[in-house]
Amino acid sequence: MKQLFSYWYAPVFFFSFIGLATWMLPAFSLSSFYLIPLLLLAIAISFVAELYLPYEQQWNLAQNDRKRDTLHGLVNELFNMLGLALIPSLNGLIPVMNLWPGNWSQALQLVLAIVIADCGITLAHFFSHKIDLLWRFHAVHHSCLRMYGFNGLMKHPLHQAIEALAGILPLLLIGMPLQITVLLTFAIAIQLLLQHSNVDIKMGMFRHVFAWAPLHRFHHMKYGEAGNVNFALFSPVWDQILGTAFYPDYRLTSSDLGIGSQPDYPVAYSQQLKEPFRRKQVKKDAVLSPQFIPQPRHDG
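What you see is a predicted model; the values in this text were computed from it and never measured. (Residues numbered from 1 in each chain as written. Predicted model: local features only at pLDDT ≥ 70, side-chain atom pairs only at ≥ 80, totals over all residues. Heavy atoms only, no water.)

Before going further, it helps to spend a moment on unusual backbone geometry. The phi torsion at Asn-64 lies on the positive side, around 60°, for a residue other than glycine. Along the chain, the position of Asn-64 falls in the loop between helix 2 (35-52) and helix 3 (66-90). Residue classification places Asn-64 among the exposed positions, given a relative accessible area of 67%. Phi is positive for Asn-98, which is not a glycine, with a value near 50°. Looking at Asn-98, the relative accessible area reads 65%, which means it is exposed. (Helix = DSSP H or I, 4+ residues; strand = E, 2+ residues; numbered from the N terminus. Buried < 20%, exposed > 50% of the residue type's maximum accessible area, 1.4 Å probe, protein only.)

Another aspect to go through is the pattern of salt bridges. Should the charged atoms of two oppositely charged side chains come close, the side chains can pair. Evaluation of the coordinates by the stated rule reveals five salt bridges. A salt bridge links Glu-275 to Arg-278, with the shortest nitrogen-to-oxygen separation between them at 2.9 Å. Placement of both Glu-275 and Arg-278 in helix 10 (residues 269-278) is noted, with a separation of three residues, approximately one turn of the helix. What makes Glu-275 buried here is its relative accessible area of 2%. Arg-278 gets classed as partly exposed once you look at its relative accessible area, which sits at 47%. (Salt bridge = Lys/Arg side-chain N within 4 Å of Asp/Glu carboxyl O.)

If you look at the biggest cluster of nonpolar residues, it comprises 55 residues, and the most contacted ones within it are Met-176, Leu-184 and Ile-190. Contributing elements (two or more residues each) for this core: helix 1 (2-27), helix 2, helix 3, helix 4 (106-128), helix 6 (157-173), helix 7 (178-195) and helix 8 (213-216). Per-element accounting of this core gives the leading share, 12 residues, to helix 7. Filtering out sequence-adjacent residues up to four positions away, Leu-184 remains in contact with Leu-110, Ala-113, Ile-114, Ala-117, Ile-168, Leu-171 and Met-176. Ranked by size, the runner-up nonpolar core spans 11 residues in total, among them Tyr-55, Phe-218, Met-221 and Phe-246. (Core = buried A, V, L, I, M, F, W, Y, C linked by side-chain atoms within 4.5 Å. Contact = heavy atoms within 4.5 Å.)

Here it is, written out as structure tokens:
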């Protein structure tokens, strides 16, 4: 039973919640606020799944981070809702090229939005590891010492804004309607839950299609440049293009996570908001730790 669960949890979770959201929005003519209880249900199920089949048992134990991660999640999702609420008022302020294929089915429009947004968000993420100023804000996300679904929402709000602009603004400029924007925002939240999940997910054929936890965990390695891999949000195709796709035969533990050059990175929410403005430079170590001794293989 657990073996079946390990293979089917991620695809069932992904397609069920995004499919349900896509069906419910036009079927009931509801506002986007109906997605709040649906997202809360997804978070609850992700917690239960992590208890049932954890990748790392220790990651189910709080490390003085529950309050902080909850605040990150609440604040960032509130900003998402505020951004969605402001979009109609921006229609007259930004030039729209009306190139959006509005005659497509809603499902196909969402797929197109995911592909384009994934490219923009992946590039913003990639350059956040290359540009020191961006890394200061992105470092908040990398300071986590365990991986579980909810810390996918653990981001500095300014860095979330950067990623959102990179992923969604181009779509708005070509005329993406608000309804698809709402669904895209929900799909991103669902993907973040899976990408940081503590469920012992087995990817199978999906490893070439989706950037779920078994791929993304290696992005959180603390050893110098070792974590500069698997940047993509939705699909590893972008990492294949960037040359950063990586799938080693190595099982991570808590000792592999964090920021190697800053083991004392602040834990409290308020301190994490201030940290990017205090430090002139926040970088990872330049070399691998001798403890990191896997024999990696690129999964082409």
